[in-house]
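One letter stands for each residue in the lines below.
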Number of protein chains: 2
Amino acid sequence: MVTIYDIAQKANVSAMTVSKVINNTGRISEETRRKVKKVMEELNYIPNSNARSLVLQQTQILSLLITDITNPFYTSLARGAEDGAKQYGYRLLFGNSDEDYAKEKDYVDMILSTRVDGVLFAPAGDLSLKNLEKLRAHNIPFVIMDRAVPGIESDMICGDSKEGARKLVDYLIGLGHRRIALVNGSLDVSTARLRYEGYAEALALQGIPLDETLIIHQNYRDYHADDHLEQLLEQPSPPTAIFAANNVLAVGVIRDLRDRGIRVPEDISVVCFDDLDLSSALDPFLTVAAQPAYQFGAMGIQLLVERIRGSSVPDSRKVILPSELVIRSSAKPI
Amino acid sequence: MVTIYDIAQKANVSAMTVSKVINNTGRISEETRRKVKKVMEELNYIPNSNARSLVLQQTQILSLLITDITNPFYTSLARGAEDGAKQYGYRLLFGNSDEDYAKEKDYVDMILSTRVDGVLFAPAGDLSLKNLEKLRAHNIPFVIMDRAVPGIESDMICGDSKEGARKLVDYLIGLGHRRIALVNGSLDVSTARLRYEGYAEALALQGIPLDETLIIHQNYRDYHADDHLEQLLEQPSPPTAIFAANNVLAVGVIRDLRDRGIRVPEDISVVCFDDLDLSSALDPFLTVAAQPAYQFGAMGIQLLVERIRGSSVPDSRKVILPSELVIRSSAKPI
DNA sequence: TATTTTAAAGTTACCGATAACTCATTATAC
DNA sequence: GTATAATGAGTTATCGGTAACTTTAAAATA
């Protein structure tokens, strides 16, 4: 590989002069600059960013850690983060924790040893605390996305889980539903707790008693609630509507229902958090509380870069991005 | 940040000894090893991989360059690549070219200056030649995925575009269709050319004349064929079926058709390349030639790592992963 | 003409690791 | 008891850049 020393030699200048030309620092005569640039082109010089990072103590790399790359929500978020990173001149080191704390820890170690300048972090759940504390202990700036982690104060971009859940359940109640089931994520994830709260609150406001037998807890990422769903449906008084806490769960639920010959929405209504993008474009079916996923990523990067560059940024900034109730056809009046 | 020198000092040994303990090289007494390890834990030492890369001349980073992160095909591929990278102990530097040669070039420059050990490269199209030649000029091993680039010989993982297209069109012909339109990607992309060939061949085999007025060319990533579709449908003898060259195009086409009140498959049948994952799980509607996207990524990494590590790997290995015809309900007999 | 200023370039040390070699000890062989 | 080998650890140079300072020579000023 060509180094500044090769350039220096061929251009008959010192390595420092080459460095100055590259970075546009110091005083360089127009003639020398041209000469050096010419040699750089001739030799196809590409700066070694490892060497640069070593001395500058910064890498111009940001890390994006998400929990499910096959979920369109995170995909759009990644797209936003990518565009943002590019705009600010950072590279993006990418990680996918699969909602798995151990995998997440591995990525944190990678991130640390890469000496990235900052991390955009979508935590797997409450137990991400340790991993986040590790980043903090090493003074790596981070912005938490999507899910709050009790015990960690930091910049944060979240959705309105509680509010969005309320809106969805309100909508179902408005359609006349009273027996509304909740297929929720794991309770060690903040959004699952908040969506539960929103669900409970919406019911309470309408004087509908909360029935714990109508609630299933699942993993946000891989749905396998078949048995629980069975129980749900074979109750004496089965639900007429289901609120799934995210898109993946909704798809799983609907598939299971159809496997049983139960039609949506004719026999049972289904709504959920997060949209399905391509799927919704193909067939505007699922009624959802859609979150502005791209914004999550783009704004996340913005906050992160401000935090990295800016000294005078307020302590822990919280941004709440509202979700939008998109009414389609997966829920109907009772 | 803690360095090996801090460890060395506190443990009363030389930095070299610490390095040897970290890498398990050289001769170290059990006692010293324990002492050093203890100090490393106490000080929360994390190795600086930039420094390491500089001297070792390798980064343990692979780069994944795809063309559309919102397309489920590439998403699954990324998932496979990620798992593969992790398995082999590499980090993944992620790039998304958006089918844009300029963006692709920027990423190639990033990749080069990061001194990644190898690149998994899904080219935007034929004009990616320059970018690939640049990688080659700098001796960065790469594996091309999904699309061949004329002028470049390298390890490659592709689908069976021609064969898959033939199968899809055969299927349509079998249903009685004779007027079959093709909504294709841009012709500077190899898969678009091959899918066109497969389409033409299937027609020819059945003695159906090729009608160029039934063919629309689009960008694989953002569909906006409204005007062309209009012309297509207002022909004296409009198509009874449409073969879309990928999933994104299919979704666009179907949306446009529905906007016009044309029903799929009642009024017109639609099939395409690549599946829609979540969408198909939600509603098994679209009849597709599904490619094993995850395999693309996983095998890609495998070939790449073999290329990096192995000296005795044959020159340009081509892997063709077959697609599977998944018959659902978006096409019906005429 | 002597002195100061300024522009342009070069020197040196360092970022944090590792390779290759050297240097003490201690153990083993003759 | 001396020569040799084996063990455990340390020295030095280097990877490819950049910061901070120094040097050189020409231009400006007195």
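The rules behind each value
Chains are numbered independently. Their residues run from 1 in the order of the written sequence. Here every chain gets a letter starting at A, and every ligand a number starting at 1, in the order they are written. The predicted nature of this model means local features are confined to residues of pLDDT at least 70 and side-chain atom pairs, given and counted, to a pLDDT of 80 or more, with totals for whole chains, interfaces and linings taken over all residues. Water and hydrogen atoms were dropped before computing side-chain values, which therefore reflect all heavy atoms in the structure. A single heavy atom is enough: if one lies within 4 Å of a molecule or strand, its residue is considered near that molecule or strand. Between N or O atoms, a polar contact is any pair within 3.5 Å; within protein, one atom must be a potential hydrogen donor and the other a potential acceptor, and residues adjacent in sequence are included only when both atoms are from side chains. In this description a helix means any DSSP run of H or I spanning at least four residues, a strand means any run of E spanning at least two, and both kinds are numbered starting from the N terminus. When residues are sorted by character, Ala, Val, Leu, Ile, Met, Phe, Trp, Tyr, Cys and Pro go into the nonpolar class, Asp, Glu, Lys and Arg into the charged class, and all the rest, Gly among them, into the polar class. Whether two strands pair depends on DSSP finding at least two bridges between them. The convention used is that axes are lines fitted to C-alpha atoms, helices contributing only their stretch in contact, and that angles between N-to-C directions extend from 0 to 180 degrees. These domain limits were set by an automatic method or by a database of domain assignments. In what follows, a contact means two residues having at least one pair of non-hydrogen atoms within 4.5 Å. A simple way to read buried area is as the amount of 1.4 Å-probe accessible surface that goes missing from two parts once joined, with both sides added. Definition used for salt bridges: Asp or Glu carboxyl oxygen within 4 Å of a side-chain nitrogen of Lys or Arg. Given a helix with a known number of residues, its expected span is that number minus one, times 1.5 Å. The copies were overlaid by least squares, fitting only the C-alpha atoms of residues that reach a pLDDT of 70 or more in each copy. Exposure is judged per residue with a 1.4 Å probe applied to protein chains only, and the accessible area is read against the type maximum: over 50% gives exposed, under 20% gives buried, and values in between give partly exposed. By definition, any crossing whose near helix is turned counterclockwise from its far helix by less than a right angle is left-handed, and any crossing with a clockwise turn is right-handed. By the counting scheme adopted, Arg and Lys are positive, Glu and Asp are negative, and His together with the chain ends is not counted. Put simply, the grid is 1 Å and covers the protein atoms alone, a cavity is a trapped set of points that fit a 1.4 Å probe, a pocket is an open set with protein on both sides within 12 Å along at least five of seven lines, and lining residues have an atom within 4 Å of a point. Grid points are joined across faces, edges and corners, and a volume is the space filled by probe spheres set on the points.

Within the structure, DNA strand D sits among 27 residues, and A:Tyr5, A:Ser19, B:Thr17, B:Ser29 and B:Thr32 are positioned closest to it. At 2.8 Å, a side-chain N or O of A:Asn23 approaches a phosphate oxygen of DNA strand D. Within the contact set of DNA strand D, a phosphate oxygen lies 3.3 Å away from a backbone nitrogen or oxygen of A:Asn48. Taken together, the elements giving at least two residues each to the surface near DNA strand D come down to helix H1 (4-11), helix H2 (15-23) and helix H4 (49-56) of chain A together with helix H2 (15-23) and helix H4 (49-56) of chain B. When residues of the surface near DNA strand D are assigned to their parent elements, the largest contribution, five residues, is made by H4(A). Considering only residue class, the surface near DNA strand D consists of 15 nonpolar, nine polar and three charged.

Next up on the list: the sheet that holds strand S9 (residues 269-273) of chain A. Note on sheets: strands pair through backbone hydrogen bonds, and any given pair is parallel or antiparallel. All names here are of chain A. In space, the six strands of this open sheet follow the order S7-S6-S8-S9-S10-S12, with mixed pairing throughout. For this open sheet the edge positions go to strand S7 (215-217) and strand S12 (324-326), each flanked by a neighbour on one side alone. Taking each pair of neighbouring strands and ignoring which way they run, the sheet shows an average axis angle of 15 degrees. Taken together, the three bridges between strand S10 (residues 287-290) and S12 define a ladder with antiparallel strand orientation. Looking across to S12, one finds that valine 288 is bridged to valine 326.

Within the structure, DNA strand C sits among 26 residues, and A:Thr17, A:Thr32, B:Ile4, B:Ser19 and B:Tyr45 are positioned closest to it. Atoms of DNA strand C within 4 Å of the protein: sugar and phosphate make up 66%, bases the balance. In the model, a phosphate oxygen of DNA strand C is placed 3.5 Å from a nitrogen or oxygen of the A:Gln57 side chain. Within the side chain of B:Asn23, an N or O atom sits 2.6 Å from a phosphate oxygen of DNA strand C. Listed by contribution, the elements that provide at least two residues to the surface near DNA strand C are H2 and H4 of chain A together with helix H1 (4-11), H2 and H4 of chain B. It is H4(B) that provides the largest number of residues to the surface near DNA strand C, a total of five residues. For the surface near DNA strand C, the residue count by class is 14 nonpolar, nine polar and three charged.

The next thing to look at is the domain arrangement of chain A. Under the domain assignment, chain A is made up of domain 1 (4-47), domain 2 (59-159 + 292-321) and domain 3 (161-291). Its C-alpha centre places domain 1 of chain A at a distance of 37 Å from the equivalent point of domain 2 of chain A.

Taken together, the contact between chain A and chain B spans 53 residues of the former and 53 residues of the latter. Counting each side, the surface lost to burial between chain A and chain B is near 5,100 Å², with a carbon and sulfur contribution of 63%. For the pair chain A and chain B, the number of links is six salt bridges. Put simply, A:Lys103 and B:Asp83 hold a salt bridge, and the shortest N to O gap is 3.6 Å. Along the contact surface separating chain A from chain B lie 25 residue pairs in polar contact (both at pLDDT 80 or more). Those elements giving two or more residues to the side of chain A that touches chain B turn out to be H4, helix H5 (72-88), strand S2 (91-96), helix H6 (101-114), helix H11 (247-259) and helix H12 (278-282) of chain A. Ranked by the residues each element gives to the side of chain A that touches chain B, the list is headed by H6(A), at eight residues. In terms of residue class, the side of chain A that touches chain B is built from 25 nonpolar, 14 polar and 14 charged.

Let's shift gears to helix H9 (residues 190-205) of chain B. All names here are of chain B. In a regular helix each residue adds 1.5 Å, so 16 residues correspond to 22 Å; H9 covers 22 Å between its end C-alpha atoms and thus fits that length. Residues of H9 that are buried make contact with helix H8 (161-174), strand S6 (180-184), strand S7 (215-217), strand S8 (241-244) and strand S9 (269-273). Where H9 ends, the next residue or the one after it, glycine 207, has phi of about 70 degrees, a positive value.

For the rest of this paragraph, the subject is the relation of the copies chain A and chain B. For these two chains of identical sequence, chain A goes onto chain B by a turn of 180 degrees and a shift of 0.0 Å along the axis, with RMSD 0.0 Å. Within this description, the copies of the chain are treated as partners about a two-fold rotation axis. Here 100% of the interface residues in chain A have copies in chain B that are interface residues too; the copies meet face to matching face.

For the rest of this paragraph, the subject is unusual backbone geometry. In the segment running from A:Val264 into A:Pro265, the intervening peptide bond is cis, with an omega of 5 degrees. Residue position: A:Pro265 is located in the loop between H11 and S9. In the Ramachandran plot, A:Gln57 falls in the positive-phi region, its phi being about 60 degrees despite a non-glycine side chain. Note that A:Gln57 resides in the loop between H4 and strand S1 (61-66). You will see that B:Asn24, though not glycine, has its phi angle at about 55 degrees, which is positive. Mapping B:Asn24 onto the fold places it in the loop between H2 and helix H3 (30-42).

Before going further, it helps to examine the pattern of salt bridges. Per the stated rule, a full pass over the model turns up 58 salt bridges over all chains. B:Arg317 is paired through a salt bridge with B:Glu306; the nearest N and O atoms lie 2.5 Å apart. Of this pair, B:Arg317 sits in the loop between helix H13 (293-309) and strand S11 (318-321) while B:Glu306 sits in helix H13, placing them eleven residues apart in sequence. Classification of B:Glu306 as partly exposed rests on a relative accessible area of 28%. A single salt-bridge network, built from bridges that share partners, covers A:Arg79, A:Glu82, A:Asp83, B:Asp98, B:Lys103 and B:Arg221.

So, on to the packing of H5(A) against helix H13 (residues 293-309) of chain A. Residue and element names in this part refer to chain A. With their axes 6 Å apart at the nearest point, H5 and H13 run at an angle of 40 degrees to one another. Crossing hand, H5 versus H13: right-handed. In this structure, H5 uses Phe73, Ser76, Leu77, Arg79, Gly80, Ala81, Asp83, Gly84, Ala85 and Tyr88 to contact H13, whose residues at the interface are Ala293, Tyr294, Phe296, Gly297, Ala298, Ile301, Gln302, Val305 and Arg309. In terms of residue class, the contact of H5 with H13 is built from eleven nonpolar, five polar and three charged.

Residue and element names in this part refer to chain A. Looking at the secondary structure, you find aspartate 117 in the loop between H6 and strand S3 (118-121). No salt bridge is formed by the buried aspartate 117; the nearest opposite charge belongs to arginine 91, separated by 7.4 Å. Within the structure, the side chain of aspartate 117 is placed 2.8 Å from the backbone nitrogen of glutamine 60, a separation counted as a polar contact. Contact partners of aspartate 117, with chain neighbours within four places excluded, come to Gln58, Thr59, Gln60, Ile61, Leu62, Tyr90, Pro141 and Ile308.

Let us now look at empty space enclosed by the protein. All names here are of chain B. Tallied over the full model, the rule gives six cavities of 30 Å³ or more. Of the pockets and cavities examined, the largest cavity occupies roughly 100 Å³. Tyr74, Asp146, Arg147, Asn246 and Asp274 are, among the 14 residues lining the largest cavity, the residues nearest its centre. Tallied by class, residues from the lining of the largest cavity come to three nonpolar, four polar and seven charged. Composition of the lining of the largest cavity by domain shows at least three residues from each of domain 2 (58-159 + 292-322) and domain 3 (161-291).

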